[in-house]
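Observations on the model geometry
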Amino acid sequence: SHRAIEDMIFSAQPDLIKKRVGKDLALCSPAGTELHVLNETAAKVFQLCDGSHTPKDMAEVLVESFNSVEYDRAYEDVKKLLIVLEEKNVIVPQK
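Time to look at the overall build of the protein chain. Summing up its helical and strand segments, the protein chain has three helices and five strands in all. Start at the N end of the protein chain and walk to the C end: the helices and strands fall as β-β-β-β-α-α-α-β. Across its three principal directions, the C-alpha atoms of the protein chain cover 35 × 35 × 20 Å. Counting across all 95 residues of the protein chain, residues that qualify as buried make up 36%. Across the protein chain, contacts joining residues at least 24 apart in sequence account for 51% of those joining residues at least 6 apart. Carbon and sulfur atoms form 50% of the exposed surface of the protein chain, whose accessible area is close to 5,800 Å². The distance from the centre of the 12 positive side-chain charges to the centre of the 16 negative ones in the protein chain is 4 Å.

Rendered as structure tokens:
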């Protein structure tokens, strides 16, 4: 059963190698076989995947961080980003 993304809390994969590249964040798999570069917004969402922030919390942080963003838009962006990050296997849902 696929739980609604709204209700899920994620954690970062523990063994990722992280490197800042300007405002972007590069994530490398432990084996070095996969590289993902996250833009500033995606990087912020990734950093909030700490096992305690809900997607709504993340949207609120984005609104505070980037004053130009409205909450509704931030919330939609967060949900899309979480789906992408999970597909890339850099975050995992909490059980």
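Here the narrative resumes.
Here three strands make up an open sheet; going across it, the order is E2-E3-E4 and the pairing antiparallel. Edge positions in the sheet fall to strand E2 (17–21) and strand E4 (35–38), since each has one partner strand and no second. On average, each strand axis in the sheet is tilted by 20° relative to the strand beside it, whichever way the strands run. Relative to strand E3 (residues 24–28), E2 runs antiparallel, the two being bridged by five bridges. Residue pairing in the sheet places lysine 18 in a bridge with leucine 27 of E3.

On inspection of all chains with the given rule, the structure shows three salt bridges. Residues aspartate 77 and arginine 73 are paired through a salt bridge, measuring 3.8 Å at the closest nitrogen-oxygen approach. Of this pair, aspartate 77 and arginine 73 both sit in helix H3 (residues 71–87), four residues apart, roughly one helical turn. Salt bridges sharing common partners tie together Glu6, Glu76 and Lys79.

Bringing the nonpolar core into the picture now. Inside soluble globular proteins, nonpolar side chains tend to come together where they are buried. Ranked by internal contacts, the top residues of the largest apolar core, which has 26 residues, are Val45, Phe46, Leu82 and Ile91. Those elements that place two or more of their residues in this core are E3, helix H1 (40–47), helix H2 (55–65) and H3. Per-element accounting of this core gives the leading share, six residues, to H3. Setting aside anything within four residues of it in sequence, one finds isoleucine 91 in contact with Phe10, Ser11, Ala12, Gln13, Phe46, Cys49, Leu82, Leu85 and Glu86.

Looking now at the environment of valine 45. Examined against the element boundaries, valine 45 turns out to sit in helix H1. Valine 45 sits in the buried class, given a relative accessible area of 0%. It is 7.7 Å that separates the C-alpha atoms of valine 45 and leucine 82, two residues lying 37 residues apart in sequence. Beyond its immediate stretch of four places on either side in the chain, valine 45 contacts Met58, Leu62, Val78, Leu81, Leu82 and Leu85.

About the criteria used
Residues numbered from 1 in each chain as written. Predicted model: local features only at pLDDT ≥ 70, side-chain atom pairs only at ≥ 80, totals over all residues. Heavy atoms only, no water. Helix = DSSP H or I, 4+ residues; strand = E, 2+ residues; numbered from the N terminus. Buried < 20%, exposed > 50% of the residue type's maximum accessible area, 1.4 Å probe, protein only. Contact = heavy atoms within 4.5 Å. Areas by Shrake-Rupley, 256 points an atom, 1.4 Å probe, with all protein chains shown as cover. Lys, Arg positive; Asp, Glu negative; His and termini not counted. Charge placed at Lys NZ, Arg CZ, Asp CG, Glu CD. Pairing = 2+ DSSP bridges. Axes fitted to C-alpha atoms, helices over the stretch in contact; angles between N-to-C directions. Salt bridge = Lys/Arg side-chain N within 4 Å of Asp/Glu carboxyl O. Core = buried A, V, L, I, M, F, W, Y, C linked by side-chain atoms within 4.5 Å.

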